[in-house]
Amino acid sequence: MDFKITSPKNKAGLLKAMQEGKNFRFGAGYTDLLMELKKQEETSFTIINLAQLNDKTFTEINTISGGLRIGSLATAAEIVNDKFITQHFPALQEAAHSLASSQIREVATIGGNLCTASPSGDMACALMALEAQCEILSANGKTRTVPISGFFTGPRKTVLQKKEVLRSVLVPLLEKNRKLHSGFIKVGTRRSMECSVVSLAYHIHLDRNDSIVHAGVAIGASAPTIRFAKTACDLISGNNLKTISQKDKEEFAAKVVSYASPITDIRATAWYRKEVLFNISKSIFE
Amino acid sequence: MKKKQKIAQRHKISFKLNSKDVSCDVKASAVLMDVIRDVLELKGTKPGCREGECGACTVLINGSPINSCLFLAINAEGKKITTIEGLTKEDGSLDIVQHELVQHGAVQCGFCTSGMAMSIKGLMNQHEKSNRGAGKNKKGQPSREEIKKHLEGNLCRCTGYVKIIDATEKLFVKEK
């Protein structure tokens, strides 16, 4: 394994590296990238090392009006320990906590989890349910915002153009102090260091009487990309979380499964994935 | 005739290793584990799977556990790194973590032990950090489940983990 690397220290340095670089890839936590590089003797590309970048928009987690801005270099461990996220976005906190191991969580970044665009990305699945916005910085210094539902274009593929980098994600906070029913369910073949067989993130806003005001549900490891189950969310809107009928639960679960087009691989068959997805979808009301 | 250009880009790095300043010259692609073992010649950090699964290479960076096999050495620049050698006190006496592992017979073949000890130390550091200035909201000792969750990145093929978890539990009882 051998490669060239450049480590910009600030935003200006980063933009310069992106402008001048012809063939490059970004590295941040390296928990995924190094595994890939170790298989190659020499790489044709330079690595732009983001690990030493000292720019608050990339590294910090900040509350802003209307929500929370999470820098793409925030680590899973920082997300697990963030009090605001734990309180307002439990689905994201649980997803970050379920990811790999404590050693990996210390270095793995939320930006990496998104940009690697794995269909089973844990934090990516939660961010989909939370209807986050991706803030993308271009080499010319301009930023654009893409809703996460449009960020993934295929397995390991995103809308990011050649001279672009994911700077931060914006998680909308619909209303403070709203009652929440929010979480992340991951089903795997073992408990630790697990890549999910299927996963499901849900973030449901309730009114005082437990009526569903707004629902966000996303599924992972079930399709070429993580998917937002829009029709399932619409279906349960207005229902009461506590008294929703068995029939509605099953109809909801069937709608969630309609977004799945899983594959059969070493971890599970497509049939099994759909069965599990149906059952965990139903289980979120219990 | 033009020679095929080798990449061989070298980087000078400086960091604190077990409270001592060190600096060395490394390849861009060098991982921290190899630098610790082969350049700085501390062999307590073990190469297991080399892919972040087994945790035998766990070291602390600024007090938190990481897999040194998946960490680029150049990113250690300016950081504080602790290996198993740094856990032992200057006079050679064992750290409380090592002591409890020994007391509980939590070591068999020993290959996972240095990584395991570093992971447990990391848990103690995190616990202490989150309780610093927490006043009444201090976290109690971690449950067995929480200990297991924290140690999920450390594989042991001998002990069955029970004694390792016993030893960790004891550490937090002592801490109180």
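Residues numbered from 1 in each chain as written. Chains lettered and ligands numbered in written order. Predicted model: local features only at pLDDT ≥ 70, side-chain atom pairs only at ≥ 80, totals over all residues. Heavy atoms only, no water.

### Some words on the overall build of chain B
So, step 1. In terms of helices and strands, chain B carries six helices and five strands.
So, step 2. Reading chain B from its N terminus to its C terminus gives the helix and strand order β-β-α-β-β-β-α-α-α-α-α.
So, step 3. With respect to the principal axes defined by its C-alpha atoms, chain B has extents near 70 × 40 × 30 Å.
So, step 4. Per-residue burial over chain B gives 48% buried out of 176 residues. (Helix = DSSP H or I, 4+ residues; strand = E, 2+ residues; numbered from the N terminus. Buried < 20%, exposed > 50% of the residue type's maximum accessible area, 1.4 Å probe, protein only.)

### With respect to the sheet that holds strand β6 (residues 133-138) of chain A
Residues and elements named next belong to chain A.
So, step 1. Spatial ordering of the open sheet is given by β4-β5-β10-β6-β7, a layout of five strands whose pairing is antiparallel. On the outer flanks of this sheet lie β4 (61-64) and β7 (143-147), each paired with one strand and no other. On average, each strand axis in the sheet is tilted by 25 degrees relative to the strand beside it, whichever way the strands run.
So, step 2. Pairing between strand β5 (residues 67-71) and strand β10 (residues 164-172): five bridges, direction antiparallel. Looking at the pairing, Arg69 lines up with Leu170 of β10. (Pairing = 2+ DSSP bridges. Axes fitted to C-alpha atoms, helices over the stretch in contact; angles between N-to-C directions.)

### Some details on the domain arrangement of chain B
All names here are of chain B.
So, step 1. One can read the domain layout of chain B as domain 1 (10-87) and domain 2 (96-175).
So, step 2. Computed over C-alpha atoms only, the centres of domain 1 and domain 2 are separated by 21 Å.
So, step 3. In this assembly, 18 residues from domain 1 lie in contact with 15 residues from domain 2.
So, step 4. Summed over the three residues of domain 1 that lose the most area to domain 2, namely Pro65, Ile84 and Leu87, the buried surface amounts to 35% of that side.
So, step 5. Our count for the domain 1 to domain 2 interface comes out at zero salt bridges.
So, step 6. The tally of links between domain 1 and domain 2 comes to five residue pairs in polar contact (both at pLDDT 80 or more).
So, step 7. Contributions of two or more residues to the side of domain 1 that touches domain 2 are made by β3 (58-61), β4 (64-67) and α2 (84-87).
So, step 8. Looking at the side of domain 1 that touches domain 2 residue by residue, the class counts come to eight nonpolar, eight polar and two charged. (Domains from an automatic or database assignment. Contact = heavy atoms within 4.5 Å. Buried area = accessible area lost by both parts, 1.4 Å probe. Salt bridge = Lys/Arg side-chain N within 4 Å of Asp/Glu carboxyl O. Polar contact = N/O pair within 3.5 Å; in protein donor to acceptor, adjacent residues only side chain to side chain. Nonpolar A, V, L, I, M, F, W, Y, C, P; charged D, E, K, R; others polar.)

### Observations regarding helix α1 (residues 32-39) of chain B
All names here are of chain B.
So, step 1. Buried within α1 we find Leu32, Met33, Val35, Ile36 and Arg37.
So, step 2. On the buried face of α1, the contacting elements are β1 (10-17), β2 (20-27), β3, β4 and β5 (80-82).
So, step 3. Phi turns positive, to about 55 degrees, at Glu41, one or two residues after α1.

### Comments concerning the side chain of His205 of chain A
So, step 1. Within the secondary structure, His205 of chain A sits in strand β12 (residues 198-206).
So, step 2. Those residues in contact with His205 of chain A, other than ones at most four positions away along the chain, are Leu174, Arg178, Lys179, Leu180, Ser211, Ile212, Val213 and His214 of chain A.

### Topic: the packing of aromatic side chains
Residues and elements named next belong to chain A.
So, step 1. For the structure on display, the rule yields four aromatic pairs over all chains.
So, step 2. With a centroid separation of 5.3 Å and an interplanar angle of 85 degrees, the aromatic rings of Phe151 and Phe152 are classed as edge-to-face. The same class applies to Phe151 and to Phe152, which are both buried.
So, step 3. When the centroid spacing of 5.1 Å and the interplanar angle of 75 degrees are considered together, the rings of Phe252 and Phe285 count as edge-to-face. Taken together, the residues span a long stretch of sequence, with Phe252 in helix α11 (residues 246-257) and Phe285 in the segment after α12 (270-283) at a distance of 33 residues. The two residues Phe252 and Phe285 agree in class, both being buried. (Phe/Tyr/Trp six-rings, centres within 6.5 Å; stacked < 30°, edge-to-face > 60°.)

### Observations regarding unusual backbone geometry
So, step 1. Even without being glycine, Asp210 of chain A reaches a positive phi, approximately 70 degrees.
So, step 2. Assignment of secondary structure puts Asp210 of chain A in the loop between β12 and β13 (212-220).
So, step 3. We classify Asp210 of chain A as buried; its relative accessible area is 10%.
So, step 4. Phi angles above zero are rare outside glycine, and Arg50 of chain B is one such case at about 60 degrees.
So, step 5. If you trace the backbone, Arg50 of chain B turns up in the loop between α1 and β3.

### Some details on the environment of Lys46 of chain B
All names here are of chain B.
So, step 1. Within the secondary structure, Lys46 sits in the loop between α1 and β3.
So, step 2. Sequence separation of Lys46 and Ala56 is 10 residues, and the distance between their C-alpha atoms is 5.2 Å.
So, step 3. In this structure, Lys46 is in contact with Met33, Arg37, Ala56, Cys57, Phe111 and Ser114, ignoring residues within four places of it in sequence.

### Quick word on the nonpolar core
In a soluble, globular protein the nonpolar side chains are often hidden away together inside.
So, step 1. Ile70, Leu92 and Leu200 of chain A together with Leu32 of chain B are the most contacted members of the largest nonpolar core, which totals 108 residues.
So, step 2. Each residue touching Leu92 of chain A, except ones within four places of it in the same chain, is listed here: Ile70, Ile79, Ile85, Ile110, Met123, Ala126, Leu127 and Leu130 of chain A. (Core = buried A, V, L, I, M, F, W, Y, C linked by side-chain atoms within 4.5 Å.)

### Thoughts on the sheet that holds strand β11 (residues 179-187) of chain A
Residues and elements named next belong to chain A.
So, step 1. If you walk across this open sheet you meet the four strands as β11-β12-β13-β14, and the pairing is antiparallel. Two strands close off the open sheet at either side, each with one partner strand: β11 and β14 (227-228).
So, step 2. Pairing geometry for β13 and β14, over two bridges, is antiparallel. Opposite Ala218, over in β14, you have Phe228 as the bridge partner.

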